[in-house]
Amino acid sequence: MTFTGSDISVGTLFGGVIVLTLVEMYFSYAHDRKLYTKKDTLNNIYLMLAAVLVNLTMKTATFFLLQYCYENYRLFQIENVWLYWIVLILAQDFLYWFLHTVGHYVRFFWAMHVTHHSSEYFNLTTGFRSTVFEPLYRVFFYLPLAFMGFNALDVLFAYLVTQIYGNIVHTQTVGKLHPIIEYIFVTPSHHRVHHASNVRYLDKNMGMVLILWDRWFGTFQAEVPQEEIKYGLTKQPDDSKFSNIVFHEWIALAQDVKKAPTFWDKVKYVFNPPGWSHDGSTQIAKVMQRELREAEQRAKKESV
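Model, not experiment: these values are computed from the prediction. (Residues numbered from 1 in each chain as written. Predicted model: local features only at pLDDT ≥ 70, side-chain atom pairs only at ≥ 80, totals over all residues. Heavy atoms only, no water.)

## Quick notes on the side chain of H100
By the secondary structure assignment, H100 is in helix 3 (residues 81-105). Assessed through its relative accessible area of 4%, H100 is described here as buried. Polar side-chain contacts of H100 include one of 2.9 Å to the side chain of H194. In contact with H100, other than residues within four places in its own chain, are H113, H117, H194 and M206. (Helix = DSSP H or I, 4+ residues; strand = E, 2+ residues; numbered from the N terminus. Buried < 20%, exposed > 50% of the residue type's maximum accessible area, 1.4 Å probe, protein only. Polar contact = N/O pair within 3.5 Å; in protein donor to acceptor, adjacent residues only side chain to side chain. Contact = heavy atoms within 4.5 Å.)

## Some details on unusual backbone geometry
A positive phi is found at D203, a non-glycine position, where the angle reads about 60°. Following the sequence through the fold, D203 ends up in the loop between helix 8 (188-194) and helix 9 (212-217). Overall, the relative accessible area of 15% leaves D203 in the buried class. The backbone phi angle of N205 is positive, close to 55°, even though this residue is not glycine. Mapped onto the fold, N205 is located in the loop between helix 8 and helix 9.

## What to know about the nonpolar core
Ranked by size, the top nonpolar core spans 35 residues in total, and within it L66, L88, Y142, L145 and F150 carry the most contacts. It is helix 3 that contributes the most residues to this core, nine residues altogether. Apart from the residues within four sequence positions on either side, L145 is in contact with L88, A91, Q92, L95, F150 and V155. (Core = buried A, V, L, I, M, F, W, Y, C linked by side-chain atoms within 4.5 Å.)

## Quick word on the environment of D93
Take D93: it is sitting in helix 3. Given a relative accessible area of 1%, D93 falls into the buried group. Residues D93 and E291 lie 198 residues apart in sequence; the distance between their C-alpha atoms is 32 Å. Ignoring sequence-local partners within four residues, the contact set of D93 consists of T162, M208, V209, L210 and W213. In terms of polar contacts, D93 uses its side chain to reach the backbone amide nitrogen of L210, at 3.0 Å.

## Quick notes on the confidence of the model for the chain
A residue-level look at the chain finds 95% of positions with pLDDT of 70 or above and a mean pLDDT of 90. Of all the helices and strands in the chain, helix 1 (residues 5-30) carries the lowest mean pLDDT, 65, while helix 9 carries the highest, 98. Contacts of residues 1-10 to residues separated by more than four positions or lying in other chains number 24 contacts, the stretch itself having pLDDT below 50. (pLDDT = per-residue confidence, 0-100.)

## Side note on the environment of S28
On the secondary structure map, S28 appears in helix 1. Judged by relative accessible area, S28 falls into the buried class, the value being 5%. Distance from S28 to T173, taken between C-alpha atoms, is 8.6 Å for residues 145 residues apart in sequence.

## Examining the pattern of salt bridges
Under the counting rule described, the total for this entry stands at nine salt bridges. One salt bridge in this structure joins R200 and E227, with 2.5 Å as the shortest N-O distance. Note that R200 is positioned in the loop between helix 8 and helix 9 and E227 in the loop between helix 9 and helix 10 (242-259), a separation of 27 residues in sequence. Classification of R200 by relative accessible area gives partly exposed; the value is 21%. Each of R107, E249, D256 and K259 takes part in a single network of salt bridges with overlapping partners. (Salt bridge = Lys/Arg side-chain N within 4 Å of Asp/Glu carboxyl O.)

Structure below.
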């Protein structure tokens, strides 16, 4: 065994999603939607290739670590094949939600995940704008699956299935779906919110397949029809060179740590949410969202 779930997903995506991408490109051109630019699309492809290279260096270790824990430390085994796969897909999807949430709420991990959010465009190739260094630590979030009695091959296949689904919701060409689907599953509408830099939408809708995790754990936000979405980051990188897209947040984090007056402030810059500052000069998303709600409530009262 010499490949990982990510490697499988890349090969599969090139077979299926590339067709959908070409269709969306044509739709964008035919209707003058301007969903794609050459430079942005090339950056998405470069970042995907970089992530593939990191995956290639980690693939053997990822598989053997999962399999070792499965063979030596699993706590139980689900015998019913249907129950086995249902529990595996649900558990894997929840652990992805947790991994993704950590990537937004801990600045150390945000410094790696931010790459995926750096595009000011939102289309099917945005799904290829990978978190380049995620393969270095992703396996540790999925180890509970091995302890739960799921073997490495099945874990990686579950990752493949959810990863494919997670890529096809990166689109503006699909509106809101049936309310039942919108309530249960991650949809293009939900994921448009996730990639927005509007204050209301920051750090919302972390799920890959099921939006239920977000509804249950307080990270859900519906798309508001009257609020135009602005894609990208609250502060875009100074330039869109490949190296700057990957490392700009690491540079900013290092600068913040350097200027922190105390040791504990330095630690907080690393592990607190993005936007935290020792002097209050910048704010985390939750604070900005609370201030937005308060401002809207005041405006509503004044209009009555």
